[in-house]
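# Descriptive analysis of the structure
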Amino acid sequence: MPLAVAIALPVFILVVAISRYISLGSIVAAALLPGLFFINHQLPADSELFVFVCIACIFVIYKHKSNIRRIFAGEENRLGEKRAEPPV
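Residues numbered from 1 in each chain as written. Predicted model: local features only at pLDDT ≥ 70, side-chain atom pairs only at ≥ 80, totals over all residues. Heavy atoms only, no water.

### Comments concerning the nonpolar core
Listed in full, the 9 residues of the largest apolar core are A4, A8, A29, A30, L33, L36, F37, V53 and C57. At the level of elements, α1 (2–19), α2 (22–36) and α3 (47–63) are the ones that each hand at least two residues to this core. For this core, the leading source of residues is α2, giving 4 residues. (Core = buried A, V, L, I, M, F, W, Y, C linked by side-chain atoms within 4.5 Å. Buried < 20%, exposed > 50% of the residue type's maximum accessible area, 1.4 Å probe, protein only. Helix = DSSP H or I, 4+ residues; strand = E, 2+ residues; numbered from the N terminus.)

### Regarding the side chain of S23
With respect to the element layout, S23 can be found in helix α2. With relative accessibility at 6%, the residue S23 sits in the buried group. Separated by 3.2 Å, the side chains of S23 and E76 make a polar contact. Excluding anything up to four places from it in sequence, S23 contacts H64, N67, I71 and E76. (Polar contact = N/O pair within 3.5 Å; in protein donor to acceptor, adjacent residues only side chain to side chain. Contact = heavy atoms within 4.5 Å.)

### Considering the environment of V11
Looking at where V11 falls in the secondary structure, it is placed in helix α1. Note: C-alpha distance between V11 and L32 (21 residues apart in sequence) is 9.1 Å. Excluding anything up to four places from it in sequence, V11 contacts V28 and L32.

### A closer look at the packing of aromatic side chains
The description of two aromatic rings rests on the distance between their centres and on the angle between their planes. Scanning the model with the defined rule gives 3 aromatic pairs in all. Each ring, one from F37 and one from F50, has its centre 5.1 Å from the other, and the planes form 50°; the classification is tilted. Of the two residues, F37 sits in the loop between α2 and α3 while F50 sits in helix α3, which places them 13 residues apart along the sequence. For F37, a relative accessible area of 0% corresponds to the buried category. Aromatic side chains F38 and F50 sit 5.0 Å apart centroid to centroid with 45° between the ring planes, which places their arrangement in the tilted category. (Phe/Tyr/Trp six-rings, centres within 6.5 Å; stacked < 30°, edge-to-face > 60°.)

What follows is the structure, given as structure tokens:
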């Protein structure tokens, strides 16, 4: 899926540049990939690959669940920010 990735990568970079959240860029790119799959592929011929892409993207988004909670809570670290020191 080189063309799909070639589109998702600049979207990832743009989201990170605007929001400064790397995790948000990853989530948005993963959410776009199943739709971008159809640029060079068709169902039912490529249905196994489509299922794999969907499962992989769901897994990526699921693994970011703690980042999603922190983004909504305003606690996620932004690119270039120093991490808050834990209380001693």
